[in-house]
Amino acid sequence: MTLNKIALCLSIALAGSCSSMAFAKEATSNSANSSSIAEAISNGKSAININLRYETVDQDNALKDADALTLRTRLTYATGNVAGFSSLIEFEDSRTVLGIDDYNNTLGKNTDYSVIADPETTELDQFLLQYKQKSLAVKVGRQLITMDNHRFVGHVGWRQDRQTFDGVTLAYQPIKDLTLDYGYITKRNRIFAEAKDIDSNDHLFNAAYQTTLGKITAYGYLLEVDNDTDNGLDTFGLRFNGGTSIGEQKISYQLEYAQQDADNAVMSYSADYLLAELSSSFSGIGMKVGYELLGSDDGNYGFSTPLATLHKFNGWSDQFLNTPKEGLTDLYASVGGKVAGGKWAVIYHKFDADEASATVDDLGSEINAVYSKSFTKNYTAGIKLAAYSAGDTTAGKVDTDKIWVWLNAKF
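Residues numbered from 1 in each chain as written. Predicted model: local features only at pLDDT ≥ 70, side-chain atom pairs only at ≥ 80, totals over all residues. Heavy atoms only, no water.

Digging into the UniProt feature "domain: Alginate export" (unreviewed entry) in the protein
Part 1 of the reasoning: The feature "domain: Alginate export" (unreviewed entry), as given by UniProt, occupies residues 50-291 in the numbering adopted here.
Part 2 of the reasoning: Annotation note: span residues 50-291, helix share 0%, strand share 67%, distance between end C-alpha atoms 35 Å. (UniProt positions renumbered as here; feature names shortened; annotations may be inferred. Helix = DSSP H or I, 4+ residues; strand = E, 2+ residues; numbered from the N terminus.)

Listed below in structure tokens is the structure:
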């Protein structure tokens, strides 16, 4: 892609954003309490979010190198409150720009190219009714649902078509430091457009208690695809995250353990999950080191997190969206900071099998890097890369390089 094309694309996004500014500001009054439905609607707040992104993928296999220039537009309107009730509606549209669409979009197009999971789509992203009082919030309808750090339940916000869910959620805070969350999901609106959405029967339980040392969270995620087969996936776990100081040095930590039982029509599996992470900063440079285990059941099944924001974990090249049956260990370290008014980070991952076999042990390594900068409160631009180096050839992975350049505008 030439620099002239990039400049033209950014100009298109900026022009679209500016033309929408008047619409956004016209109805962005505060969502204050209202005495009638008509007043709640007139007191509502609208927003627009536009994301222009170029992505390229180069893999060491027979697939052609892929590139895509996509423009995602998201329009949101939230009403004011009437006796604790409010509503939100949101539409999302993703289009290719300037004919730059040489990629496998996961829906059967250009299957001889590498995958870029940003299909063209227009859909209802959110549509919900909410009731909220001091200690209780209930949402019914299509909505974003996230739990903790998105490892088990997330919105996959990196992709142009983010993940939402149809269902009911309840958040209850009986006392100051205790929060109880429950969600029931009937449909998973995934990142691959409506064609690959999944009917489900999922129950999410999450209870968090804030202590002086950090937050303790207990959870149970009982997942099932609604397709008249035995496919239950039950995960129960404990998580502890917080921070402390040693002298003037601040240290943050995360520690988490979970056990998963998976049932299907043939047999049952069980696997463990473990996360341990420490982070701190020195002279303005943030540093982090961590270890994540997605365990294996004797090399027959790997720990799975189908509702997660998977792009956030185990490298940005997305090699491990599905955990290998041998399981996965990820030893990672990162450094990051600020320069020229923007933020940068570099991350290294070393991947290995949890239950090594005679042919699969080394699962490769990856380097990630990102730089992003905000211009006023409305614009953000950035560049990001992922370079994966394959390990054992029998693991089915190949060297993969990915690059993203983006511009985001929100009003």
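And the narrative resumes.
Overview of the layout of surface pockets
Part 1 of the reasoning: Its boundaries defined by the atoms lining it, the second largest pocket holds a volume of some 1200 Å³.
Part 2 of the reasoning: Lining the second largest pocket are 48 residues; nearest its centre among them are Phe192, Leu310, Phe320, Leu321 and Asn322.
Part 3 of the reasoning: Elements with a minimum of two residues in the lining of the second largest pocket: strand 2 (45-59) and strand 13 (249-263).
Part 4 of the reasoning: Top element by residues in the lining of the second largest pocket is strand 2. It accounts for 3 residues.
Part 5 of the reasoning: When grouped by side-chain class, the residues that make up the lining of the second largest pocket number 22 nonpolar, 16 polar and 10 charged. (1 Å grid on protein atoms, 1.4 Å probe; cavity = no way out; pocket = protein on both sides within 12 Å on 5 of 7 lines; lining within 4 Å. Points joined across faces, edges and corners; volume = space filled by probe spheres on them. Nonpolar A, V, L, I, M, F, W, Y, C, P; charged D, E, K, R; others polar.)

Details of a negative patch on the surface
Part 1 of the reasoning: Judged by side-chain charge, Asp58, Asp60, Asp65, Asp399 and Asp401 come together as a negatively charged surface patch.
Part 2 of the reasoning: Position of Asp399 relative to the elements: it lies in the loop between strand 19 (379-389) and strand 20 (400-410).
Part 3 of the reasoning: The exposure class assigned to Asp399 is partly exposed, which follows from its relative accessible area of 38%. (Patch = residues over 30% accessible without salt bridge, like charges linked within 9 Å, V, L, I, M, F, W, Y side chains within 5 Å. Areas by Shrake-Rupley, 256 points an atom, 1.4 Å probe, with all protein chains shown as cover. Salt bridge = Lys/Arg side-chain N within 4 Å of Asp/Glu carboxyl O. Lys, Arg positive; Asp, Glu negative; His and termini not counted. Charge placed at Lys NZ, Arg CZ, Asp CG, Glu CD. Buried < 20%, exposed > 50% of the residue type's maximum accessible area, 1.4 Å probe, protein only.)

Considerations on the nonpolar core
Part 1 of the reasoning: Within the largest apolar cluster, 29 residues are counted, with the highest numbers of intra-cluster contacts made by Phe152, Val153, Leu204 and Tyr221.
Part 2 of the reasoning: Breaking this core down by element, the ones donating at least two residues are strand 11 (214-223), strand 13, strand 14 (268-282) and strand 16 (328-339).
Part 3 of the reasoning: Of all the elements, strand 14 adds the most residues to this core, at 4 residues.
Part 4 of the reasoning: Residues in contact with Tyr221, not counting those within four places in the same chain, are Met147, Asp148, Phe152, Val153, His203, Leu204, Phe205, Asn206, Leu233, Asp234 and Thr235.
Part 5 of the reasoning: Ile50, Val97, Ala409 and Phe411 belong to the second-largest nonpolar core, a separate cluster that totals 11 residues. (Core = buried A, V, L, I, M, F, W, Y, C linked by side-chain atoms within 4.5 Å. Contact = heavy atoms within 4.5 Å.)

Comments concerning unusual backbone geometry
Part 1 of the reasoning: In this structure, Thr106 is a non-glycine residue whose phi angle is positive, near 75 degrees.
Part 2 of the reasoning: Note that Thr106 resides in the loop between strand 5 (85-102) and strand 6 (121-132).
Part 3 of the reasoning: Located in the positive-phi region is Asn314, a residue other than glycine, with phi close to 60 degrees.
Part 4 of the reasoning: Tracing the sequence through the fold places Asn314 in the loop between strand 15 (285-294) and strand 16.
Part 5 of the reasoning: By relative accessible area, which is 4% here, Asn314 ends up buried.

Comments concerning the packing of aromatic side chains
Part 1 of the reasoning: Within the structure shown, the criterion is met by 16 aromatic pairs.
Part 2 of the reasoning: Taking the centre distance of 5.6 Å and the plane angle of 35 degrees together, the rings of Tyr273 and Phe303 count as tilted. Of this pair, Tyr273 sits in strand 14 while Phe303 sits in the loop between strand 15 and strand 16, and the two are 30 residues apart along the sequence. Neither residue differs from the other here; Tyr273 and Phe303 are each classed as buried.
Part 3 of the reasoning: A network of ring pairs unites the aromatic residues Phe152, Tyr219, Tyr221, Tyr273 and Phe303 as a single cluster.
Part 4 of the reasoning: A cation over an aromatic ring shows up here: Arg151 above the ring of Phe313, its NZ or CZ 4.4 Å from the ring centre.
Part 5 of the reasoning: Positioned above the aromatic ring of Phe192, the side-chain terminus of Lys196 is 5.6 Å from the ring centre. (Phe/Tyr/Trp six-rings, centres within 6.5 Å; stacked < 30°, edge-to-face > 60°. Lys NZ or Arg CZ within 6 Å of the ring centre and 35° of its normal.)

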